[in-house]
Amino acid sequence: MRNLLLFFLLLLLANCAAYTRYQLDQQYGDANPARFDHPISTAANVSYRRDVKPITDSRCTVCHGCFDAPCQLQMGSYEGITRGASKEKIYDELRLSMMTPTRLFTDAQTNQQWRLKGFVPMLNERYADPVTNREASVMANMLQLKKQHLFPKTGLLPAELYDFDLYREQSCPALEEFADFAKEHPEWGMPYGLPALTNKEQQTLLRWLEAGAPVEASPALAKSQLDKARQWETFLNGDSLKAQLMSRYIYEHWFLAHLYFDDLPEHDFFELVRSKTPPGQAIQLINSRRPFADPQVARVYYRLRPVQGTLLAKTHMPYALNDAKMQRVKTWFLDAPYDVTYLPSYQPEVASNPFIAFEQIPVRSRYRLMLDEAQFTVMGFIKGPVCRGQVAINVINDYFWIGFVHPDNPVQESQAFLATALKQANLPISDQSLTSLLKWQSYADKEADYLRAKSVLLNKMLVGQNQPNLSLLWDGDGNNQNAALTVFRNFDNASIVQGLVGEQPQTAMILGYPLLERIHYLLVAGFDVFGTTAHQLQARLYMDFLRMEGEQNVLAFLPMSMRETVQQKWYRNAPDAVFEHLHASQRLYFQNTGILYKTQEPWPEFTSLWKQHLEPVLDQRYDLAQSDFPEAFALLQQLASLKGKAVSYLPETAFITINDVYQQPHHFTLLRNSAHSNVSELFKEEDRRLLDEDTLTLVPGFLGAYPNAFYRLSIHQLPQFIATVKKLNSTAAYTDLTALFAVRRTNPKFWEHYDTLLAAYRKTFPVEAGLFDLNRIENK
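My aim in this report is to walk through the structure given alongside it, one point at a time. (Residues numbered from 1 in each chain as written. Predicted model: local features only at pLDDT ≥ 70, side-chain atom pairs only at ≥ 80, totals over all residues. Heavy atoms only, no water.)

## Considering the pattern of salt bridges
Between side chains of opposite charge, a pair can form when the charged atoms approach closely.
Part 1 of the argument: Taken as a whole and judged by the stated rule, the model has 43 salt bridges.
Part 2 of the argument: For Asp335, the salt bridge is made with Lys330, and the minimal N-O distance between the two is 3.0 Å.
Part 3 of the argument: With a closest N to O distance of 3.0 Å, Glu447 and Arg518 form a salt bridge. With a gap of 71 residues between them, Glu447 in helix α18 (residues 440–461) and Arg518 in helix α19 (residues 513–525) connect regions that are remote in the sequence. Across the pair, exposure class does not vary: Glu447 and Arg518 are buried alike.
Part 4 of the argument: Each of the salt bridges in this network shares a partner with another, and the network as a whole consists of Asp68, Lys314, Asp773 and Arg776. (Salt bridge = Lys/Arg side-chain N within 4 Å of Asp/Glu carboxyl O. Helix = DSSP H or I, 4+ residues; strand = E, 2+ residues; numbered from the N terminus. Buried < 20%, exposed > 50% of the residue type's maximum accessible area, 1.4 Å probe, protein only.)

## Regarding the packing of aromatic side chains
Part 1 of the argument: Overall, the coordinates contain 47 aromatic pairs when judged by the stated rule.
Part 2 of the argument: With centroids separated by 6.2 Å and ring planes inclined at 15°, the aromatic side chains of Phe655 and Phe710 adopt a geometry described as stacked. Pair noted here: Phe655 is in strand β9 (residues 653–659) and Phe710 is in strand β12 (residues 709–714), with a separation of 55 residues, a long-range link. Per residue, the accessibility class of Phe655 equals that of Phe710, and both read buried.
Part 3 of the argument: Between Phe710 and Phe750 the ring centres are 5.7 Å apart and the planes differ by 35°, which places this aromatic pair in the tilted class. With Phe710 in strand β12 and Phe750 in helix α27 (residues 750–764), this residue pair connects regions lying 40 residues apart in the sequence. Accessibility assignment for this pair places Phe710 and Phe750 in one class, buried.
Part 4 of the argument: Of the aromatic side chains, those joined through ring pairs into one cluster are Tyr622, Phe655, Phe702, Phe710, Phe750, Trp751, Tyr754, Tyr761, Phe765 and Phe772.
Part 5 of the argument: In this structure, Lys146 packs its charged tip against the face of Phe151, placed 4.1 Å from the ring centre.
Part 6 of the argument: The lysine or arginine in question, Lys242, covers the ring of Tyr338, its NZ or CZ lying 4.4 Å from the ring centre. (Phe/Tyr/Trp six-rings, centres within 6.5 Å; stacked < 30°, edge-to-face > 60°. Lys NZ or Arg CZ within 6 Å of the ring centre and 35° of its normal.)

## Regarding unusual backbone geometry
Most peptide bonds are trans, and most residues other than glycine sit at a negative phi.
Part 1 of the argument: Pro191 follows Met190 through a cis peptide bond whose omega is 5°.
Part 2 of the argument: Structurally, Pro191 is set in the loop between α7 (178–184) and α8 (199–210).
Part 3 of the argument: Even without being glycine, Asn573 reaches a positive phi, approximately 60°.

## A closer look at the sheet that holds strand β10 (residues 665–673)
In a beta sheet, neighbouring strands pair by backbone hydrogen bonds and run either parallel or antiparallel.
Part 1 of the argument: Strand order across the open sheet formed by 4 strands is β11-β10-β9-β12, with mixed pairing between neighbours. Looking at the sheet topology across the chains shown, the edges are occupied by β11 (695–700) and β12. Pairwise comparison of adjacent strand axes, ignoring direction, gives a mean angle of 25° for this sheet.
Part 2 of the argument: Note: β9 against β10, 7 bridges, orientation antiparallel. (Pairing = 2+ DSSP bridges. Axes fitted to C-alpha atoms, helices over the stretch in contact; angles between N-to-C directions.)

## A word on α27
Part 1 of the argument: Compared with the 21 Å implied by 1.5 Å per residue over 15 residues, the 21 Å span of α27 between its first and last C-alpha is a close match.
Part 2 of the argument: Looking only at α27, the buried set comprises Phe750, Trp751, His753, Tyr754, Leu757, Leu758, Ala760 and Tyr761.
Part 3 of the argument: Those residues of α27 that are buried are in contact with α2 (48–61), β9, β10 and β12. (Expected span 1.5 Å × (residues − 1). Contact = heavy atoms within 4.5 Å.)

## Points about the pairing of strand β4 (residues 318–321)
Part 1 of the argument: Burial of β4 is two-sided: the residues Pro318 and Ala320 facing one way and the residues Tyr319 and Leu321 facing the other way are all buried.
Part 2 of the argument: Summarising the sheet, strand β1 (residues 258–261) and β4 pair through 4 bridges and their orientation is parallel. By the bridge assignment, Phe261 is partnered in β4 with Leu321.

## Points about the nonpolar core
Part 1 of the argument: Ranked by internal contacts, the top residues of the largest apolar core, which has 163 residues, are Trp254, Phe404, Phe606 and Leu774.
Part 2 of the argument: Element by element, the count of residues in this core is highest for α19, at 9 residues.
Part 3 of the argument: Apart from residues lying up to four places away in sequence, Phe606 is in contact with Leu470, Val554, Phe557, Leu558, Ile595 and Tyr597. (Core = buried A, V, L, I, M, F, W, Y, C linked by side-chain atoms within 4.5 Å.)

## Quick look at the pairing of strand β5 (residues 399–404)
Part 1 of the argument: The buried count for β5 comes to 6 of 6 residues, which makes it a mostly enclosed element.
Part 2 of the argument: Where burial is concerned, the two faces of β5 agree: the one with Tyr399, Trp401 and Gly403 and the one with Phe400, Ile402 and Phe404 are both buried.
Part 3 of the argument: Note: β5 against strand β6 (residues 485–490), 4 bridges, orientation antiparallel. Across the sheet, the residue bridging to Tyr399 is Phe488, located in β6.

## A word on the side chain of Arg689
Part 1 of the argument: Position of Arg689 relative to the elements: it lies in the loop between β10 and β11.
Part 2 of the argument: Residue class for Arg689 comes out buried when judged on its relative accessible area of 13%.
Part 3 of the argument: One polar contact links Arg689 to Asp694, side chain to side chain, over a distance of 2.7 Å. (Polar contact = N/O pair within 3.5 Å; in protein donor to acceptor, adjacent residues only side chain to side chain.)

## Points about the sheet that holds β6
Part 1 of the argument: If you trace the 4 strands from one edge of the open sheet to the other, you get β7-β6-β5-β8, paired in mixed fashion. If you trace the sheet from one side to the other, it starts and ends with β7 (493–498) and β8 (507–511), each paired once. Averaged over all pairs of adjacent strands, the angle between strand axes in this sheet comes to 25°, irrespective of strand direction.

Given below as C-alpha cells:
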C-alpha cells in the first residue's frame, strides 16, 4: 500500500508539471529550442560580448563552470547559457551504470539535442517579445528573486537556509517549477549565497534578456594565429605511418591542453581534436568517451579548434607551441632512426595499453615528450578529467615533491625493458561493472610481477659507481623548469606548480617513463568522469600501487638502514596488506644509496640536497623571499612557520591581501597542509588526520583554483593576525578571526575584492590565469 501511494504521488506531481507546461504553452506559445542555435542579429543596444559576458563571467561562471557546475549549468559561453541546466549529477558517488556524456561543445551541437538529453532552458524559448523574454526566463527570474529579498551585509549566513556542501541536493528548477521553488527557497536567488549584482549589472542582464538574448558572431582570429594553426595541422597530419603514429601518440597526451603560440603577441588558445576532415575543411568532430577510442573512420585528422568559453583556473592547462618545440618533436619522433610498419588497432586491449599501442616508438622519444612539459603532464592527473573528487584525490598526500629519472642516464636504458614488461599489465580502465572490483587481486599480482622484473634489472644496474645519486635525476637539461614539481592537495582538488616549494614536503615521488605513462593512462586518458563508481574506485585503488612505486624510487636514494623508518612514518596504521606489499617491494631491491649522508636525518638532508642540485632550474616565483614586500618578510616567515593543531582550524586555501603603509596591496596564498597517518585507505579520512602535524605554506601571489577564504588586513594588523592564528583552539575561535580579517560571503564589497584579486592574478600570470572557482568559499 505504501509503495502504491508513493507511485500515485509521483504520478500526480508529474501531471502537475505537465499541466503547468501546458499553461505556459497557452500563455507564451510553444517552446522552440532552435531559437538560440545561431547568432542573432539585432539592433538591441546591449552587446553580449561587450556588456553581458563580463558580468556573467565574473558573477556567474565563478560557480557555474566545468563538470561540477550546479545543475550542469555552464555560463562561461553563450552556448553554455542557452544549453541550460540538468537535474542529473555528474558527480554521483553511487552511480551503478555509465552516464551518457554531456560535454559542452562535444556531445551535442544544438539546443534541441540538449533538450533530448534532459537539459531545460534558462532563457525564454517561446514567443519572443520583451515581456515574455523576461517572464519566461528562469535566468531572469533567478536574478529578480535575489533582488526581492534582502541579503545580509554582515556576519554568517544562516545554516538552516543555506547549504554550501558540494554534494548538496540541487533544485535545478525548470520554468514550470519556478513558482514552487521561489516559494520554498525565497533566499536562493542568484548569485547563490553571495551579494546581489549591482543595479547597473542587473539592468544590463535584464535588458539583454528582454531583447531576446542577442549575440554577435565570434570575432575572427588574427591571420598570424590561423597561419600558426595551419602550420601545426600540416605537421600533425603527415601521410607516412611514422607521422600518423606520432600524431596519435601526441593527441592522446595533448587532448586536454590549451595550446597557444608563445612567439605571437596574442595568446588565443586552441584544443587538439580528432576530425573526419583534413586541414582546410571544416572540422567534423570525432566524438568519443576517451581519446584512444575507435574513431570509426579510415583516417583520423588532428585539428586545432579554438577553445570556446571562459578560461577557468581549475581546468586551464596552457601548453606553448613554437618553432623550437616543433623541431624537438620532429627530432624525437620523425628523425629518430626507427621504423613503423603498421598502425595499431583501436581494439580496447591494444588502444588502452600504451606499451602495446606505441611499442614501435622509442621509449626515449615518448618520455622526452612527456618530460618537456612535465608540469602539464602531471597537471592532467590533478585537474584534467575531474573538477572534483575526494575519493580520487585522497590517494595522494597534501604536500609532496615530484622529480624525474634523467632520460640520458644509463639507467634510462632500463626503461625500454620495463615498458616491454608492462605490455601484459593492463590498467583497470575499460571494465565499469561492480564485478570488476573482484578482479583486483589479478591487478595486484601483475603489479608484483612487474616490480620483481624491475628490481632484478635495477639490482644489476645500480651498483658500484652507479648507485642511486643525484645525477640520476633529470636536471631539466640546465634550462627546463619542469625538472621539479610541487603538489598541494586540498581534500577534493589539488594544485601543481613548478619548483620545489617550501623546505620539507610530507613525501615525494620520482617518476620514470613507465610510471609516468601508467599514471597518465589511468587518471587522464583512461579516466571516465561519467563512468561508474566501480570504475572510479578501481582507478583510485590502482593509483595506490603507482604512488607507492614512486615513493619507493625516492627511498632508493636513502641509506638502506633508514628506508624502513621513513616509510613507516609515511604509512602509520596502514592496513596489513599495504605493509606486506611495501615490505615485499623493499626486499626486492637491495642496493645502497650512492649519496654520502652527514647526518642521522636522511630525509630532510636528501630534500635539501635535491633542492641544491636543481637550484639552477628551479622556478622561484613561489619563494617567499622573492616577494615584492620585503618589509614584511620576517612577519610572513613567522606566519609560514606555524604548525600544529591551531593551524588545523584554518581553511585549506586562503588568499591574503596585505596593504603596506602606502595602502598598496600585496597578495599571498596561505595553504594548510593536512597531515594523515597514511593515504592508503579509501574512506574515513578524518579518522587518519594528525592535527598536531599540520603545517602551513605561504607563497607570494596566487596558488590554487578553489579559494576557501579571503583575508584582508594591513601590515600593522599582521602581528595580530599571527597571534590570533597561534591561539586557535575551536571553530568558534576561528569564526572570531574571520570576523576581524575575512572578506565574508555577506560583505557588500565581496565582489569588488574578488575583482581585485582576479585582476592581480591576470597581471601576474597572464597566460596561466583563469577564473577562480567560488563553490568552496566558506561560511565561517
